[in-house]
Amino acid sequence: MDDDQPTPAGDSRDAPPTRRALMLGAVGAASVLSIRPALAQTTASVLMCDIPVPDAGHAASQIAADGSLVPPGTKGAYPPPSRPLKGEEVRAALRSGGTLPGYDYDRSRAYLKYVSRLQRGSAGFTCFASIQMLRK
């Protein structure tokens, strides 16, 4: 623009530095307010994710005390849970050293060891990795 021409009303280039800072602050605050609900929603979905024990490809296997998969009927092994474990259940049991809801201590330890051994690409790995990244 030429220096001879007046700037249009509301042009932020002509605003005093304090006003410009307030405008930027308002934009930043709006961004924070819109991100927080998204993070809360992400946390909730992570806690509700499923971890199949074992994955569908090994559904006939049982879980040994060390978390490995073994053939059915192996002494000391546990049958799989009746449903996938929820991320929230696994997270709570790992943090407290407690048990999974509905299972005794030894069976819970076997299932949690299985989950801890999950590798990238296996069913439930993303859920397990996500719950470990949550701060609370």
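Note: the structure precedes this text.
Read on for an overview of the structure. Worth saying up front: this structure is predicted, and the values here are computed from it rather than measured.

About the thresholds
- Residues numbered from 1 in each chain as written.
- Predicted model: local features only at pLDDT ≥ 70, side-chain atom pairs only at ≥ 80, totals over all residues.
- Heavy atoms only, no water.
- Buried < 20%, exposed > 50% of the residue type's maximum accessible area, 1.4 Å probe, protein only.
- Helix = DSSP H or I, 4+ residues; strand = E, 2+ residues; numbered from the N terminus.
- Axes fitted to C-alpha atoms, helices over the stretch in contact; angles between N-to-C directions.
- Parallel < 35°, antiparallel > 145°, perpendicular 65-115°, else oblique.
- Contact = heavy atoms within 4.5 Å.
- Nonpolar A, V, L, I, M, F, W, Y, C, P; charged D, E, K, R; others polar.
- Arc of directions from axis to C-beta.
- Phe/Tyr/Trp six-rings, centres within 6.5 Å; stacked < 30°, edge-to-face > 60°.
- Core = buried A, V, L, I, M, F, W, Y, C linked by side-chain atoms within 4.5 Å.

### A word on helix α2 (residues 87–96)
At 3.6 residues per turn, the α-helix brings residues three or four places apart onto the same side.
Consideration 1: Turning to α2, its buried residues number three or more, namely Gly-87, Glu-89, Val-90, Arg-91 and Ala-93.
Consideration 2: Downstream of α2 by a residue or two, Gly-97 has a phi angle that is positive, lying close to 75 degrees.

### Concerning the packing of α2 against helix α3 (residues 105–116)
Consideration 1: Contact geometry of α2 with α3 gives a least axis separation of 11 Å together with a crossing angle of 105 degrees. On the basis of their axis angle, the class for α2 and α3 is roughly perpendicular. Only Arg-109, Leu-112, Val-115 and Ser-116 of α3 make contact with α2, whose side of the interface consists of Val-90, Ala-93 and Leu-94.
Consideration 2: By residue class, the composition of the contact of α2 with α3 is five nonpolar, one polar and one charged.

### What to know about helix α4 (residues 125–133)
Consideration 1: Along α4, the residues classified as buried are Phe-125, Cys-127, Phe-128 and Ile-131. One side of α4 carries all its buried residues, which in axial view fall inside an arc of 165 degrees. Turned more than 90 degrees off the buried face of α4, the exposed positions are Thr-126 and Met-133.

### Focus on the environment of Gly-73
Consideration 1: The topology assignment puts Gly-73 in the loop between β3 (69–70) and β4 (85–86).
Consideration 2: By relative accessible area, which is 70% here, Gly-73 ends up exposed.
Consideration 3: Gly-73 sits twelve residues away from Ser-61 along the chain, and the two C-alpha atoms are 9.1 Å apart.

### Considerations on the environment of Ala-64
Consideration 1: Within the secondary structure layout, Ala-64 lies in the loop between β2 (62–63) and β3.
Consideration 2: Residue classification places Ala-64 among the buried positions, given a relative accessible area of 14%.
Consideration 3: Distance in space between the C-alpha atoms of Ala-64 and Tyr-111 is 8.5 Å, their sequence separation being 47 residues.

### Section: the packing of aromatic side chains
In this description, a pair of aromatic rings is defined by centroid distance and the angle of the planes.
Consideration 1: Tallying each qualifying case throughout the model produces one aromatic pair.
Consideration 2: A centroid spacing of 5.3 Å and a plane angle of 85 degrees characterise the contact between Tyr-103 and Tyr-111, whose relative ring orientation is edge-to-face. When sorted by exposure, Tyr-103 lands in the same class as Tyr-111, which is buried.

### Section: the nonpolar core
Consideration 1: Within the largest apolar cluster, 20 residues are counted, with the highest numbers of intra-cluster contacts made by Ile-51, Val-53, Leu-85, Val-90, Leu-100, Tyr-111 and Val-115.
Consideration 2: Contributions of two or more residues to this core are made by α2, α3 and α4.
Consideration 3: Element by element, the count of residues in this core is highest for α3, at five residues.
Consideration 4: Val-90 has contacts with Ile-51, Leu-85, Leu-100, Leu-112, Val-115 and Ile-131, leaving out every residue within four places of it along the chain.

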